[in-house]
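Next come the chains, spelled out residue by residue.
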Amino acid sequence: MPDLLIELFSEEIPARMQGTARETLRKMVTDGLVEAGLTYAHAAAFSTPRRLTLAIEGLTAESPTLREERKGPQTTAPEKAIEGFLRSTGLTREQLEIRDDKKGQVYFAVVTRPGRQAPGIIAEVLEKTIRTFPWPKSMRWGAGSLRWVRPLHGILCLLTSEAWAEVVPLDIDGIRAGNTTRGHRFMAPDEFSVTSFEDYAAKLKSAKVVLDSAEREEIIWNEAKTLAFARGLEVVEDRGLLTEVAGLVEWPVALLGDIAEDFLALPPEVLQTSMKEHQKFFSVRNPATGRIEGFVTVANRETADNGATILKGNLKVLSARLSDAKFFWEHDLRVVRTEGLEGMGAGLAHVTFHNKLGSQAERIARIETLAREIAPLTGAAPDLAAQAARVVKSDLRSAMVGEFPELQGLMGSYYARAEGLPDAVADACKGHYSPLGPSDEVPTDPVTVAVALADKIDTLTGFWAIDEKPTGSKDPFALRRAALGVIRLVLGNGLRVALKPLFVALERAWHRQNTDHLDRTDFASTLIGVQVAMRREETLGSNQEGGLASDLLSFFHDRLKVFLKEQNIPYDVIDAVLSMPGADDLTLVVKRAEALTAFLKTDDGTNLIQGFRRANNILTQAEEKDGVEYSFGADPKFADTAEEKALFAALDRAEAAIAPAMQAEDFAAAMAAMAALRAPIDAFFTAVQINADNQILRRNRLNLLSRIRQICLSVADLTKIEG
């Protein structure tokens, strides 16, 4: 079987597009070949800044001959129906076969599609791929209609075997396929021919092109580490930057430079961000001091002076960039020392958060009030949490964050320390945005947790109040991420927070603001005195809530299901515990779900579920038939068998154990008590006929089944368990 080599040679492809483009080329070509009847053994795609390459091994030389039979209309069908069938098959009436069918004679079309040679199929598939390639951005050049990410200069399309090599005939807008390519733009620009993928890869490397991006990444990383190690330094790992830089060069050459002494006092994150964003430099750190003292830049060529000229030019540009960063840093410090962080953030009164939710300053006032109320739940001092909430957004008005928005929060922590604010306030500035994603670290400092919860809860209730909720895949305000952040903060810190009373209080406050037309600056004051319930009896009148609280809690439950599913807790288990009281206490929900999951993995758990279902089904059918509810009155004096008496005793023991265990939130003990019911329930169903002729016995046994149902449902809603 032959192999196929394709190279699309162009001007530089943006690094951020190369990974997706490789996979897209592989999928579009291989899918097209398979749809046309060809098969292959293996396909691999590669990229450099100037080329996309696809190597396919073990391609069949031709597609198989296909014979297709299609049943048509009856021979007595209207003429138009027969003509339509003929058009769809491309046959004449004389070419149709007539066969007997249950309802008479029917036309059949037998269409034989002969196999095709691979070159013709490849040419069609590759042309379609090139013309419909889904670049995020593309361009036209010259007088042709072809669009590509950058001007496409050449197509290499070669079908090879051990004995021969054949160029696949293809011409797209004057670009004719061949067997030639070019090496490095500067070090080996001449054209050369290839005979196979192995020959292609070897000649490219001789022409100063490393084809595999993973190999380029390895070269860059190893050279950078070696250069830094020789100076007693270490390279700050950044895999995203490594992938990007590998997409900028075909022949990577790492060069190590020093940062001027004038800039070493800048925060390391500022140096690292500035060099990464503006220059694509790797930061080099002194492990003894933690300072960023150098950088690694990656050139795309070897030079006679070993990169000295390149390094000199990069240092000149870097100094200009870092001078800007130093100016921003010093400017911000002057503002903080004269006006404080609150003074820096005063301008947020003129920055709109959302046209229906007010300014950033108004939002900060709400967060401050919420943080004060939430603080006791996290173990934070309310005044300290309120102080932190007032300043955590102030760095949004700093010059540094204006230049590097990704440093928001982090710069606030530096400025808070420069002002002499408590460490807890500085930590909250940095940490209150977290967690931003499923892998982000969860803050644990009490003040940070209080402010982070207040920030995210204000966002969620605010957008719910103005009916700006996520719909389908659209979530422009990242509300799903905010809800997941609350979930992870609560669970990660073991907080006992009843969310519904808090949502109800906030719903009322938003309602007052909207109906009474309160000034937004007074909005936060309407929340003062809200006590977030730590225990179930503190309901704040939550039975009076409107749509916001219930709807938002349902949204949290949906996010919780997604989160717990990744922790290997099934949806049906989560539904079973969400049906229980206290479902707005996320920590309680998870404790119940974990205990129930562990229980269901045991033989006792599996068999007890079956026994519960049997009892519930018999009881439900009897109640529907009799039109009564069998929910009380089971009396052991009417027990007719030893198994029946044993079940009464087992239910008494389970009930006595389960109720206090559930009250104490000892769910493992509750599950163990429920597991003890397995054997007596199994024995009862084996020995006892429920629908006895004696109506007193029947009624008593149905009421006994009701006790089984009630006791099991006191632990979790087992009707939700599937399987």
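Residues numbered from 1 in each chain as written. Predicted model: local features only at pLDDT ≥ 70, side-chain atom pairs only at ≥ 80, totals over all residues. Heavy atoms only, no water.

### Examining the overall build of the protein chain
Item 1. Within the protein chain, the secondary structure is distributed over 24 helices and 18 strands.
Item 2. The C-alpha atoms of the protein chain give 36 Å as radius of gyration, which overshoots the globular expectation for 723 residues (27 Å, by more than 25%).
Item 3. Judged by the C-alpha coordinates and their principal axes, the protein chain covers about 100 × 100 × 55 Å.
Item 4. Across the 723 residues that make up the protein chain, the buried fraction comes to 50%.
Item 5. A separation of at least 24 residues holds for 69% of the contacts in the protein chain among residues at least 6 apart in sequence.
Item 6. Carbon and sulfur atoms provide 50% of the accessible area of the protein chain, an area that totals close to 34100 Å².
Item 7. Once the 85 positive and 101 negative side-chain charges of the protein chain are each reduced to a mean point, those two points are 3 Å apart. (Helix = DSSP H or I, 4+ residues; strand = E, 2+ residues; numbered from the N terminus. Rg over C-alpha atoms; globule rule 2.2 N^0.38 Å. Buried < 20%, exposed > 50% of the residue type's maximum accessible area, 1.4 Å probe, protein only. Contact = heavy atoms within 4.5 Å. Areas by Shrake-Rupley, 256 points an atom, 1.4 Å probe, with all protein chains shown as cover. Lys, Arg positive; Asp, Glu negative; His and termini not counted. Charge placed at Lys NZ, Arg CZ, Asp CG, Glu CD.)

### A closer look at helix H24 (residues 695–713)
Item 1. For H24, spanning 19 residues, the distance from its first C-alpha to its last is 27 Å, which sits close to the expected 27 Å at 1.5 Å a residue.
Item 2. Burial of H24 is extensive: 14 of the 19 residues sit out of reach of the surface. (Expected span 1.5 Å × (residues − 1).)

### As for the pattern of salt bridges
Item 1. Across all of its chains, the model carries 48 salt bridges by this definition.
Item 2. Measuring nitrogen to oxygen at the nearest pair gives 2.8 Å for the salt bridge that ties Asp31 to Lys27. Highlighted residues: Asp31 and Lys27, both in helix H1 (residues 15–35), separated by 4 residues, approximately one helical turn.
Item 3. Of the charged contacts, one joins Arg496 and Glu665 as a salt bridge, the two residues approaching to 2.7 Å between their closest N and O atoms. Of this pair, Arg496 sits in the loop between helix H15 (479–492) and helix H16 (499–515) while Glu665 sits in the loop between helix H21 (642–663) and helix H22 (667–675), and the two are 169 residues apart along the sequence. (Salt bridge = Lys/Arg side-chain N within 4 Å of Asp/Glu carboxyl O.)

### A word on the UniProt feature "domain: DALR anticodon binding" (unreviewed entry) in the protein chain
Item 1. The UniProt record marks residues 609–721 with the feature "domain: DALR anticodon binding" (unreviewed entry), using the residue numbering of this structure.
Item 2. Note that residues 609–721 is 69% helix and 0% strand, and that its end C-alpha atoms are spaced 8 Å apart. (UniProt positions renumbered as here; feature names shortened; annotations may be inferred.)

### Focus: the domain arrangement of the protein chain
Item 1. We note that the domain assignment places domain 1 (3–62 + 117–207), domain 2 (67–113), domain 3 (213–302), domain 4 (352–535) and domain 5 (597–720) within the protein chain.
Item 2. Spacing between the C-alpha centres of domain 2 and domain 4 amounts to 71 Å. (Domains from an automatic or database assignment.)

### Quick look at the environment of Ala465
Item 1. With respect to the helices and strands, the residue Ala465 is situated in helix H14 (residues 446–465).
Item 2. In this structure, the C-alpha to C-alpha distance between Ala465 and Ala549, residues 84 residues apart in sequence, is 9.8 Å.

### Details of the packing of helix H10 (residues 382–391) against H14
Item 1. Direction vectors running N to C along H10 and H14 enclose 55 degrees, while the axes themselves pass 9 Å from each other. In terms of their interaxial angle, H10 and H14 are classed as oblique. Like other packed secondary-structure pairs, H10 and H14 cross with a definite hand, here right-handed. In this structure, H10 contributes Leu384, Ala385, Ala388 and Ala389 to the contact, and H14 contributes Val447, Ala450 and Val451.
Item 2. Partitioning the contact of H10 with H14 into residue classes produces 7 nonpolar, no polar and no charged. (Axes fitted to C-alpha atoms, helices over the stretch in contact; angles between N-to-C directions. Parallel < 35°, antiparallel > 145°, perpendicular 65-115°, else oblique. Left-handed = near helix turned anticlockwise from the far one by under 90°. Nonpolar A, V, L, I, M, F, W, Y, C, P; charged D, E, K, R; others polar.)

### Some remarks on the sheet that holds strand E3 (residues 51–57)
Item 1. Taken in spatial order, the 5 strands of this open sheet run E2-E3-E1-E7-E8, and their pairing is antiparallel. The outermost strands of the open sheet, each flanked by one partner alone, are strand E2 (42–48) and strand E8 (165–167). Within this sheet the neighbouring strands show an average axis-to-axis angle of 15 degrees, counted without direction.
Item 2. As paired elements, strand E1 (residues 3–10) and E3 share 6 bridges and run antiparallel to each other. Each residue of the ladder has a partner; that of Phe9, found in E3, is Arg51.
Item 3. Contacts between H1 and the sheet are confined to E1, E2 and E3, with E3 contributing the most and set at about 40 degrees to the helix.
Item 4. Each of E1, strand E7 (152–160) and E8 touches helix H3 (residues 118–131); the most contacted strand, E7, lies at about 155 degrees to it. (Pairing = 2+ DSSP bridges.)

### Brief notes about empty space enclosed by the protein
Item 1. Counting across every chain of the model gives 1 cavity of 30 Å³ or more.
Item 2. Within this model, the largest cavity holds a volume of roughly 40 Å³.
Item 3. Taken together, Val236, Asp238, Leu241, Gln272, Lys276, Phe281, Phe282 and Ser283 make up the lining of the largest cavity.
Item 4. A per-class count over the lining of the largest cavity returns 4 nonpolar, 2 polar and 2 charged. (1 Å grid on protein atoms, 1.4 Å probe; cavity = no way out; pocket = protein on both sides within 12 Å on 5 of 7 lines; lining within 4 Å. Points joined across faces, edges and corners; volume = space filled by probe spheres on them.)

### Digging into the sheet that holds strand E13 (residues 234–235)
For sheets, the rule is that strands pair by backbone hydrogen bonds, running either parallel or antiparallel.
Item 1. Read across the open sheet, the 4 strands follow the order E13-E15-E16-E14; overall the sheet is antiparallel. The open sheet has two free edges, formed respectively by E13 and strand E14 (253–258), since each of these has just one partner strand.
Item 2. Strand direction decides the pairing type here: E14 and strand E16 (residues 292–299), joined by 6 bridges, are antiparallel. Its bridge partner being in E16, Gly257 is matched across the sheet by Phe295.
Item 3. Sitting on the sheet, helix H7 (residues 268–279) is in contact with strand E15 (282–285) and E16, with an inclination near 10 degrees to E16.

### Quick look at the nonpolar core
Item 1. Grouped together as the largest cluster of nonpolar side chains are 146 residues, with contacts concentrated most on Leu460, Phe556, Leu596 and Met674.
Item 2. Excluding residues within four positions of it along the chain, Phe556 makes contact with Leu460, Ala483, Val486, Ile487, Leu499, Phe503 and Leu586.
Item 3. Core analysis: the next-biggest nonpolar cluster, separate from the first, contains 36 residues, Ile122, Leu146, Leu159 and Ile172 among them. (Core = buried A, V, L, I, M, F, W, Y, C linked by side-chain atoms within 4.5 Å.)

### Thoughts on the packing of aromatic side chains
Item 1. Applying the stated criterion to the full structure yields 14 aromatic pairs.
Item 2. Between Phe327 and Phe328, the aromatic rings sit 6.0 Å apart at their centres with planes inclined by 65 degrees, giving edge-to-face as the arrangement.
Item 3. The ring centre of Trp221 lies 5.2 Å from the NZ or CZ of Arg239, which sits over that ring.
Item 4. Geometry around Tyr571 places Lys565 over its ring, the cationic atom sitting 5.5 Å from the centre. (Phe/Tyr/Trp six-rings, centres within 6.5 Å; stacked < 30°, edge-to-face > 60°. Lys NZ or Arg CZ within 6 Å of the ring centre and 35° of its normal.)

### So, helix H5 (residues 213–230)
Each turn of an α-helix holds 3.6 residues, which means side chains three or four residues apart point in the same direction.
Item 1. In this model H5 runs 26 Å from its N-terminal to its C-terminal C-alpha over 18 residues, within 8% of the 26 Å that 1.5 Å per residue would give.
Item 2. Residues of H5 that are buried: Ser213, Arg216, Glu217, Ile220, Trp221, Ala224 and Ala228. The buried residues of H5 all sit within an arc of 130 degrees when viewed along its axis, so they share a single face. Away from the buried face of H5 by more than 90 degrees, exposed residues Thr226, Phe229 and Ala230 are located. (Arc of directions from axis to C-beta.)

### Considerations on the environment of Asn617
Item 1. On the secondary structure map, Asn617 appears in helix H20 (residues 603–626).
Item 2. Overall, the relative accessible area of 42% leaves Asn617 in the partly exposed class.

### Some thoughts on unusual backbone geometry
Most peptide bonds take the trans form, and the phi angle of most residues other than glycine is negative.
Item 1. Looking along the chain, the bond that leaves Ser434 and enters Pro435 is cis, with omega of -5 degrees.
Item 2. When you line up the elements, Pro435 lands in the loop between helix H13 (423–431) and H14.
Item 3. Phi at Lys208 takes a positive value of approximately 65 degrees, unusual for a residue other than glycine.
Item 4. Mapped onto the elements of the fold, Lys208 is located in the loop between helix H4 (197–206) and H5.
Item 5. In this structure Lys208 comes out as partly exposed when scored by relative accessible area, which is 24%.

### Examining the environment of Arg496
Item 1. On the basis of relative accessible area, Arg496 is assigned to the partly exposed category, the value being 21%.
Item 2. In this structure, the C-alpha to C-alpha distance between Arg496 and Asp585, residues 89 residues apart in sequence, is 6.3 Å.
Item 3. A polar side-chain atom of Arg496 sits 2.8 Å from a polar atom in the side chain of Asp585.
Item 4. Side chain to side chain, Arg496 and Glu665 meet in a polar contact 2.7 Å long. (Polar contact = N/O pair within 3.5 Å; in protein donor to acceptor, adjacent residues only side chain to side chain.)

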